[in-house]
Amino acid sequence: MRLLLLGGTNFVGRVVAEEALARGWEVTALNRGTQPAPAGVTALLGDRTAEGGLAALAAGEWDAVVDTWSGAPTAVRDSARLLAGRVGHYGYVSSRSVYDYPLARGADESAKVVGSSPDAEGEVPYAEAKRGAELALEAEFGGRALLARAGLILGPHENIGRLPWWLNRIARGGPVLAPGPYDLPLQYIDVRDLAGWLLDAAAARFGGACNVVSPAGHTTMGELLEACVRVTGSDADLRWTDPERILAAGVEPWTELPIWLAPGELNDFLHGASVDRAVAAGLRCRPVGETVEDTWAWLRSVGGVAPQRADRPKVGLDPEREAELLRG
């Protein structure tokens, strides 16, 4: 298989490239060259936001494309138009954020989505940007486009900092504010499971919209944090705290306490999707302990500091604020 990767030096794109190379695929990646692509990838230079930024793709044919773009949808529109006659399958890493909020727990791909346009430019809100890109691909590729609506993505090379923050916090030891309830179900995808599934889908020419996360309740907040204690060998004492008390203190779910969302509408939206279509198409999700262990091993290999996307705020609870809440 000949794979064209639009991106390929950061989190999801890097892991897709590594998985494709491991399968013996020929991998070409177009990016700005700010970071080296994995060894074995044919690198092409191009800035999709600049005039002439796709010039390196003027010639060539590929069996499949994987695109992780999250900016203005015009970039996806332009690449889709350029490649429509020279690519067999176009896989786009979209997001479950494209659904209209609120969303009933258990909703599938037929749920209402936000309004958008493939021609939207400038600073486009995340949900509208992803949906606009989907519309661009539907227009150019139809059923040959896969709209992989991922949710929370965890695993090695994470550059948002969610699981790395928890690992580093728990590795420090001592009392840890653990947001409850203990058995709060989580829904996420290990980046390696996402990458493997995307490539399987490309080989099978599987298309259409698809929620690509673990089944709801694949793990719980308790299992996740206990796995962090176990792999770090920490003496951390998880102090389980009621969500009402955390919210009353003004702590921001998801950002100050990464991954965690109190039970309610937002939790249903992000941790309650139906993934029947993805599972029927072969999605398999590894145990949470493996994701945590491998992320910790990677984090230590890079000196304990995960890379940080410039367009995303840093996450995590201030130590003094945590101590104050624990005292209270």
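Refer to the structure printed above.
Here goes a summary of the coordinates provided.

About the criteria used
Per-chain numbering applies: the sequence of each chain, read as written, is numbered from 1 onward. The predicted origin of the model limits local features to residues at a pLDDT of at least 70 and limits the giving and counting of side-chain atom pairs to 80 or more, whereas totals for whole chains, interfaces and linings rest on all residues. Heavy atoms throughout the structure, all of them, feed into the side-chain values; hydrogens and water do not. Working definition: rings of Phe, Tyr and Trp (its six-membered ring) pair if their centres are within 6.5 Å, and the pair is stacked with planes under 30 degrees apart, edge-to-face with planes over 60 apart, and tilted otherwise. Only DSSP runs of H or I with at least four residues qualify as helices, and only runs of E with at least two residues qualify as strands; both kinds are numbered from the N terminus onward. Throughout, exposure labels follow a simple rule: accessible area from a 1.4 Å probe, protein chains only, divided by the maximum for the residue type, with under 20% read as buried, over 50% as exposed, and the rest as partly exposed. The criterion is that NZ of a Lys, or CZ of an Arg, lies within 6 Å of the ring centre and within 35 degrees of the ring normal, and then a charge sits over that ring. Here a salt bridge means any side-chain nitrogen of Lys or Arg lying within 4 Å of a carboxyl oxygen belonging to Asp or Glu. A 1.4 Å probe that fits but cannot get out identifies a cavity on a 1 Å grid over protein atoms alone, an open set with protein on both sides within 12 Å along at least five of seven lines counts as a pocket, and a residue lines either if it has an atom within 4 Å of a point. Grid points are joined across faces, edges and corners, and a volume is the space filled by probe spheres set on the points. Gly is placed with the polar residues, together with every amino acid not listed as nonpolar (Ala, Val, Leu, Ile, Met, Phe, Trp, Tyr, Cys and Pro) or charged (Asp, Glu, Lys and Arg). Strands are treated as partners if at least two bridges between them are detected by DSSP. Fitting a line to C-alpha atoms yields each axis, with helices limited to the stretch in contact; the angle taken between N-to-C directions then spans 0 to 180 degrees. Contact criterion: two residues are considered in contact whenever any of their non-hydrogen atoms come within 4.5 Å of each other. We call two directions roughly parallel when the angle between them is under 35 degrees, roughly antiparallel when it is over 145, roughly perpendicular when it lies between 65 and 115, and oblique otherwise. We call a crossing left-handed when the near helix sits turned anticlockwise from the far one by less than a right angle, and right-handed when that turn is clockwise. The term nonpolar core refers to a set of buried residues drawn from Ala, Val, Leu, Ile, Met, Phe, Trp, Tyr and Cys, joined through side-chain atoms within 4.5 Å.

## Points about the packing of aromatic side chains
Within the structure shown, the criterion is met by five aromatic pairs. Note on Tyr 101 and Phe 269: the rings are 5.3 Å apart at their centroids and 65° apart in plane angle, and the pair reads as edge-to-face. Of the two residues, Tyr 101 is situated in the loop between strand 5 (87-95) and helix 3 (126-141) and Phe 269 in helix 8 (residues 265-271); the sequence distance between them amounts to 168 residues. Overall, the relative accessible area of 6% leaves Phe 269 in the buried class. Between Trp 197 and Phe 206, the ring centres sit 5.9 Å apart and the planes meet at 80°, which makes this aromatic pair edge-to-face. Here the two residues Trp 197 and Phe 206 agree in accessibility, since each one is buried. The ring of Tyr 126 has Arg 312 sitting right over it, with the charged end atom 5.4 Å from the ring centre.

## As for the pattern of salt bridges
Enumeration over the complete set of coordinates arrives at 22 salt bridges. Measuring nitrogen to oxygen at the nearest pair gives 3.7 Å for the salt bridge that ties Glu 140 to Arg 81. Here the residue Glu 140 occupies a position in helix 3, and Arg 81 occupies one in helix 2 (residues 74-83), the gap between them amounting to 59 residues. Measuring nitrogen to oxygen at the nearest pair gives 2.8 Å for the salt bridge that ties Arg 169 to Glu 322. Here the residue Arg 169 occupies a position in helix 4 (residues 162-172), and Glu 322 occupies one in helix 11 (residues 319-327), the gap between them amounting to 153 residues. Taken as a pair, Arg 169 and Glu 322 share a single burial class, namely buried. When salt bridges that share partners are traced, they join Asp 190, Arg 192, Asp 193, Arg 286, Glu 290 and Asp 294 into one network.

## Description of the layout of surface pockets
Roughly 230 Å³ of volume is contained in the second largest pocket. Surrounding the second largest pocket, Ile 160, Gly 161, Pro 164, Trp 165, Asn 168, Gly 304, Val 305, Ala 306, Pro 307, Gln 308, Lys 314 and Val 315 form its lining. Per-class residue counts for the lining of the second largest pocket are seven nonpolar, four polar and one charged.

## Section: the sheet that holds strand 6 (residues 145-150)
Within the open sheet, the seven strands sit side by side as 3-2-1-4-5-6-11. Their pairing is parallel. Every other strand in the sheet has two partners, leaving strand 3 (42-45) and strand 11 (208-212) as the edge strands with one partner each. When the angles between neighbouring strand axes are averaged without regard to direction, this sheet yields 20°. Looking at chain direction, strand 5 and strand 6 are connected through six bridges and run parallel. In the strand pairing of strand 6, Tyr 90 is matched with Ala 145. Helix 2 rests against strand 1 (2-6), strand 4 (62-67) and strand 5 of the sheet, and its axis sits at about 170° to strand 5. Along the sheet, helix 5 (residues 191-204) makes contact with strand 1, strand 4, strand 5, strand 6 and strand 11, crossing strand 6 at roughly 160°.

## Side note on the packing of helix 4 against helix 6 (residues 221-232)
Between helix 4 and helix 6, the least distance of the axes is 9 Å, while the angle of their chain directions is 55°. Overall, the two elements helix 4 and helix 6 adopt an arrangement that is oblique. Crossing geometry of helix 4 relative to helix 6 is assigned as right-handed. Contacts between helix 4 and helix 6 involve Leu 163, Trp 166, Leu 167, Ile 170 and Ala 171 from the first element and Met 221, Leu 224, Leu 225, Cys 228, Val 229, Val 231 and Thr 232 from the second. Taken together, the residues that form the contact of helix 4 with helix 6 break down as 11 nonpolar, one polar and no charged.

## Concerning the nonpolar core
In globular proteins that are soluble, nonpolar side chains generally tend to be buried together. If you look at the biggest cluster of nonpolar residues, it comprises 44 residues, and the most contacted ones within it are Trp 166, Ile 170, Met 221, Leu 224, Leu 225, Leu 257 and Val 292. Counting only elements with at least two residues in this core, the list comes to strand 7 (152-154), helix 4, strand 8 (175-179), helix 6, helix 8 and helix 10 (288-301). Those residues in contact with Leu 257 that lie beyond four places of it in its chain are Trp 166, Leu 177, Pro 179, Ile 246, Val 251, Glu 252 and Leu 317. Phe 11, Val 93, Ala 195 and Val 212 belong to the second largest nonpolar core, which has 35 residues in total.

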